[in-house]
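# Summary of the model geometry
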Amino acid sequence: MAEQLGELSRTHTCGALRPGDVGTEVVLLGWVHRVRDLGGVLFVDVRDREGVTQVVFDAGAATMAKAKRLRSEFVVGVAGAVRRRSAETVNPKLDTGEVEVAVRELTILNEAKTPPFPIADDTPVSEEVRLRYRYLDLRRGRLQANIGLRHRITATIRRYFDAQGFWDIETPILTKSTPEGARDYLVPSRVHAGEFYALPQSPQLFKQILMLSGMDRYVQICRCFRDEDLRADRQPEFTQVDVEMAFARPTTIFGVIEPLMAEVMSVIGVTLARPFRRMPYSEAMAVYGTDKPDLRPGMPIQDIREVFRASSFRVFRDIVAGGGTVRGFVVPDSGATSRSEVDGLVDEAKALGGSGLVWARRGEDGTITSSVMKAVGEADVTRMLDATGTGQGQILLVAAGEPDAASKLLGQLRLNIARRRGMLKADHWEFVWVVDFPLLEWDAEARRYLAMHHPFTSPVDEDLDLLEREPGRARAKAYDLVLNGTEIGGGSIRIHDAGLQARIFSLLGITPEEASLRFGFFLEALEYGTPPHGGIALGLDRIIALLLNESSIREVIAFPKTAAAVDLMAGAPSAVDRRQLKELHLA
RNA sequence: GGGGUGGUAGUUCAGUUGGUUAGAACGCCGGCCUGUCACGCCGGAGGCCGCGGGUUCGAGUCCCGUCCACCCCGCCA
């Protein structure tokens, strides 16, 4: 039977008591973590958010009979005196392990069904069960710690932006669908038959409008919604730290975000070196085979076309002559790599869709071997090893063909090798700004250009005259922030000039009529004195997952959804009443 | 949309070439126990083998379909 709280007031949390409190009368409120019933004497670990404290029911205690009823996860209040534990019974694993509470009065505030999985230890439980009983999973140490850190990070972020003069401004959740980019979540209007609101993919247009409204510096920790297929690092709703600044150029944004990240990292006791490295998109693609390079393992991809320009190896010579590439990277300390492991890499390359992987190695004794020794000849194999600085005991992995495809393949292999060899150290933090993204990308299927970032992204000044001549070569004032191979943010300087915006729309094949239909309110607003402005959005869930070394953002979201976008606890989505559908003009 | 891994007790798992009564650990319930802290000891209960078909004398095991969870590709301006 549950008892009332009455006048019972907590004096300390379950993580607070120390030897200095010995002798004081305290009241603890919390959950029964574990019971150890020794017959005569009975120990209970009482748990709350802050920790665990052992309370004791001594032999002959008036409350003993009641204490015998206690089971895991009962909610209790205990009143009693703090006493020091004898030297042999101190528990060094608990912060409160030097003391215990001798219970004088026990209140059972609530009973509890036996939980489907243990709360008191962090033994693994299937994610399906954890998500079904998320409220219990949230009681366990892992999520308590994760959600706690998340709070400290968001508190740090808010404090930082306030100190920098940013205003936190809310933007609409019910907004207008703009069918560029990701699929929208739609909300039917009851008042307007057949019309819909969309949930924001991001507050992009609103934050830009706030700049022309003179708000100068905007920040919002806001939920965004995208109806796309999910991944370990993608949920249908996720949280962005959304930032926009008037009169900004890229370095203005970097100058705000780098100290922010330093503050964030300091929460977990890490000091960051600044400024962060900056790398053009073209370099990231060429040297790491990705637009989000993980700089921890080294092993840059090198261009070795020169070796084959006049080689007798026709396959590579023809590829180079035809505008293709030959690239490779050196795996250090691979002397121990067995022949079967090397063959495994060749298979792996095939599985990744590569046309082929060539290897060459210099043995510990200097002996040179290669998968193409016969075809290429020892002289060119040696030149290849020399050109890439492949030392004794090292192996060079080479791919040839179309430049992007070859680099992407090598980039994937590089990461797989790094992962297997433990070269991705969880306590190394490699930040890099990837800059100078292409403004546009060619959509071969639709036979037209698409905005790589979004259609409001400003081109780089020097490339303005490329827009009509060679649009594919124009670079954007866009940047991504990458941490350890994860994109944790992206942004751009925006177009603030209606004329330039019109040119971009025309490049994207958007007619003035279409543009006005989709973003008319925004384009009209631009005409009333828009300052140059730009911003960034940081992926808060991803940042926190990285800090905690969690491989899925579900571990840092209190109530996440499954890969099929289902909330297993609440049971969403669900069918609705026919009457509701009728009101919404959907039935 | 495509590919992969898994689904057996409340939980985490084992389960032989298809063969008799489907096991273990933890948890749970009962008993004993005065210094435990993953307390210990003794005893007990607990199963739609994800679901639906099929093959077979016989299916947890083989085949087909389907659902769920996770990972990856496509997708995510």
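On a predicted model such as this, the values are computed, not experimentally measured, just so you know.

For chain A, the helix and strand inventory stands at 18 helices and 22 strands. C-alpha extents for chain A along the principal axes are approximately 95 × 75 × 50 Å. Within chain A, the fraction of its 587 residues that count as buried is 48%. Contacts in chain A between residues at least 24 apart in sequence constitute 67% of all its contacts with a sequence separation of at least 6. For chain A, the accessible surface area stands at approximately 28,700 Å², while carbon and sulfur atoms represent 51% of it. Here chain A contributes 73 positive and 80 negative side-chain charges, whose respective centroids are spaced 3 Å apart.

Quick look at the environment of Arg 554 now. Mapped onto the elements of the fold, Arg 554 is located in the loop between helix H17 (540-547) and helix H18 (578-583). Remark: the alpha-carbon pair of Arg 554 and Glu 402, spanning 152 residues in sequence, is separated by 37 Å. Apart from residues no more than four positions distant in its own chain, Arg 554 is found in contact with Glu 127, Arg 134, Ala 232, Gln 235, Pro 560 and Lys 561.

This next bit is on the confidence of the model for chain A. In the predicted model, chain A carries a mean pLDDT of 93, and the fraction of residues at 70 or more is 98%. As a predicted assembly, this complex carries a pTM of 0.94 together with an ipTM value of 0.93.

On to the nonpolar core. Of all hydrophobic cores here, the largest spans 42 residues; its most connected members are Phe 161, Ile 257, Met 261, Phe 431, Trp 433 and Leu 481. Those elements that place two or more of their residues in this core are helix H4 (141-163), strand S10 (237-246), helix H6 (250-266), strand S17 (431-435), strand S20 (478-483), strand S21 (486-493), strand S22 (533-539) and H17. Per-element tally for this core: the top contributor is H6, with 8 residues. The contact partners of Phe 161, leaving out residues within four places of it in the chain, are Phe 166, Val 219, Val 241, Val 243, Val 256, Ile 257 and Leu 260. Formed by 37 residues, the second largest nonpolar core is a distinct cluster that contains Leu 295, Leu 439, Ile 504 and Leu 507.

This next bit is on the packing of helix H5 (residues 204-212) against helix H16 (residues 512-526). Between H5 and H16, the least distance of the axes is 10 Å, while the angle of their chain directions is 20°. The angle between H5 and H16 falls in the class roughly parallel. Helix-helix and strand crossings are classified by hand; for H5 and H16 the assignment is left-handed. Here H5 contributes Leu 205, Gln 208, Ile 209 and Leu 212 to the contact with H16, which in turn contributes Phe 519, Phe 521, Phe 522, Ala 525 and Leu 526. For the contact of H5 with H16, the per-class residue count stands at 8 nonpolar, 1 polar and no charged.

For the rest of this paragraph, the subject is the state of the cysteines. Evaluated as defined, the whole model comprises 0 disulfides. Just so you know, Cys 222 is unpaired, no disulfide at all, and the nearest cysteine sulfur is the one on Cys 224, 4.1 Å from it. Accessibility expressed as a relative area gives 6% for Cys 222, which makes it buried.

Pairing between sheet strands relies on hydrogen bonds along the backbone, with the strands arranged either parallel or antiparallel. Taken together, 5 strands build a closed barrel; the order of strands is S1-S2-S3-S5-S4 and the barrel is mixed. Taken pair by pair, the neighbouring strands of this sheet meet at an average axis angle of 55°, ignoring direction. Pairing geometry for strand S3 (residues 51-57) and strand S5 (residues 99-110), over 2 bridges, is parallel. From the neighbouring strand, Val 56 faces S5, where its bridge partner is Ala 102.

Centre-to-centre distance and the angle between the planes together describe a pair of aromatic rings. One pass over the full model with this rule turns up 15 aromatic pairs. A centroid spacing of 5.3 Å and a plane angle of 85° characterise the contact between Phe 254 and Tyr 479, whose relative ring orientation is edge-to-face. Of this pair, Phe 254 sits in helix H6 while Tyr 479 sits in strand S20, placing them 225 residues apart in sequence. Chaining the aromatic ring pairs together yields one cluster made of Phe 456, Phe 505, Phe 519 and Phe 522. Its end group placed over the ring of Tyr 133, Arg 132 keeps NZ or CZ at 4.6 Å from the ring centre.

With that settled, consider the protein's contact with RNA strand B. The immediate surroundings of RNA strand B are formed by 47 residues, with Asp 37, Thr 89, Ser 126, Glu 128 and His 453 found nearest. Protein-proximal atoms of RNA strand B, defined as those within 4 Å of the protein, fall in sugar or phosphate at a share of 56%. Contact distances for RNA strand B include 2.6 Å between a base nitrogen and a side-chain N or O atom of Arg 85. In this structure, Ala 451 approaches RNA strand B through a main-chain N or O atom, which is 2.6 Å from a sugar or linking oxygen.

With that settled, consider helix H12 (residues 378-388). Of the positions making up H12, those classed as buried are Asp 380, Val 381, Met 384, Leu 385 and Thr 388. Projection of H12 onto a plane perpendicular to its axis shows the buried side chains occupying an angular sector of 140°, all on one side. At the exit of H12 stands Gly 389, carrying a positive phi of roughly 70°.

This part covers the pattern of salt bridges. Summed over all chains, the structure comprises 42 salt bridges. Between Asp 37 and Lys 68 there is a salt bridge; the shortest N-O distance is 3.1 Å. In this pair, Asp 37 sits in strand S1 (residues 25-37) while Lys 68 sits in the loop between helix H1 (64-67) and strand S4 (75-84), placing the two residues 31 residues apart along the sequence. Counted as one network, the salt bridges with shared partners bring together Arg 130, Arg 134, Asp 137, Arg 140, Arg 142, Glu 550 and Glu 555.

Relative to the assigned elements, Thr 369 resides in strand S15 (residues 368-370). Thr 369 sits in the partly exposed class, given a relative accessible area of 34%. Through-space distance from the C-alpha of Thr 369 to that of Trp 429 is 36 Å; in sequence the pair is 60 residues apart. Ignoring any residue separated from it by four or fewer positions in sequence, one finds Thr 369 in contact with Trp 359, Ala 360 and Arg 361.

Here we take up the packing of H4 against H17. Between H4 and H17, whose axes approach to 10 Å, the crossing angle comes to 125°. One way to sum up the angle between H4 and H17 is to call them oblique. For the pair H4 and H17, the crossing hand works out as right-handed. Listed contacts from H17 to Leu 149, Arg 150, Ile 153, Thr 154 and Ile 157 of H4 are Leu 540, Asp 541, Ile 544 and Leu 547. Of the residues assigned to the contact of H4 with H17, the class counts are 6 nonpolar, 1 polar and 2 charged.

Strand order in the open sheet formed by 5 strands is S12-S13-S16-S14-S15, and the pairing between neighbours is antiparallel. At either margin of the open sheet sits one strand with a lone partner, and together these are strand S12 (302-303) and S15. Here S12 pairs with strand S13 (residues 325-331) via 2 bridges, running antiparallel. Across the sheet, residue Gln 302 finds its bridge partner in S13, namely Gly 328. Taken strand by strand, helix H9 (residues 314-321) contacts S13, strand S14 (358-362) and strand S16 (394-401), and its axis lies near 55° from that of S16.

Reading the values: rules and limits
- Residues numbered from 1 in each chain as written.
- Chains lettered and ligands numbered in written order.
- Predicted model: local features only at pLDDT ≥ 70, side-chain atom pairs only at ≥ 80, totals over all residues.
- Heavy atoms only, no water.
- Helix = DSSP H or I, 4+ residues; strand = E, 2+ residues; numbered from the N terminus.
- Buried < 20%, exposed > 50% of the residue type's maximum accessible area, 1.4 Å probe, protein only.
- Contact = heavy atoms within 4.5 Å.
- Areas by Shrake-Rupley, 256 points an atom, 1.4 Å probe, with all protein chains shown as cover.
- Lys, Arg positive; Asp, Glu negative; His and termini not counted.
- Charge placed at Lys NZ, Arg CZ, Asp CG, Glu CD.
- pLDDT = per-residue confidence, 0-100.
- Core = buried A, V, L, I, M, F, W, Y, C linked by side-chain atoms within 4.5 Å.
- Axes fitted to C-alpha atoms, helices over the stretch in contact; angles between N-to-C directions.
- Parallel < 35°, antiparallel > 145°, perpendicular 65-115°, else oblique.
- Left-handed = near helix turned anticlockwise from the far one by under 90°.
- Nonpolar A, V, L, I, M, F, W, Y, C, P; charged D, E, K, R; others polar.
- Disulfide = S-S within 2.5 Å.
- Pairing = 2+ DSSP bridges.
- Phe/Tyr/Trp six-rings, centres within 6.5 Å; stacked < 30°, edge-to-face > 60°.
- Lys NZ or Arg CZ within 6 Å of the ring centre and 35° of its normal.
- Near = heavy atom within 4 Å.
- Polar contact = N/O pair within 3.5 Å; in protein donor to acceptor, adjacent residues only side chain to side chain.
- Arc of directions from axis to C-beta.
- Salt bridge = Lys/Arg side-chain N within 4 Å of Asp/Glu carboxyl O.

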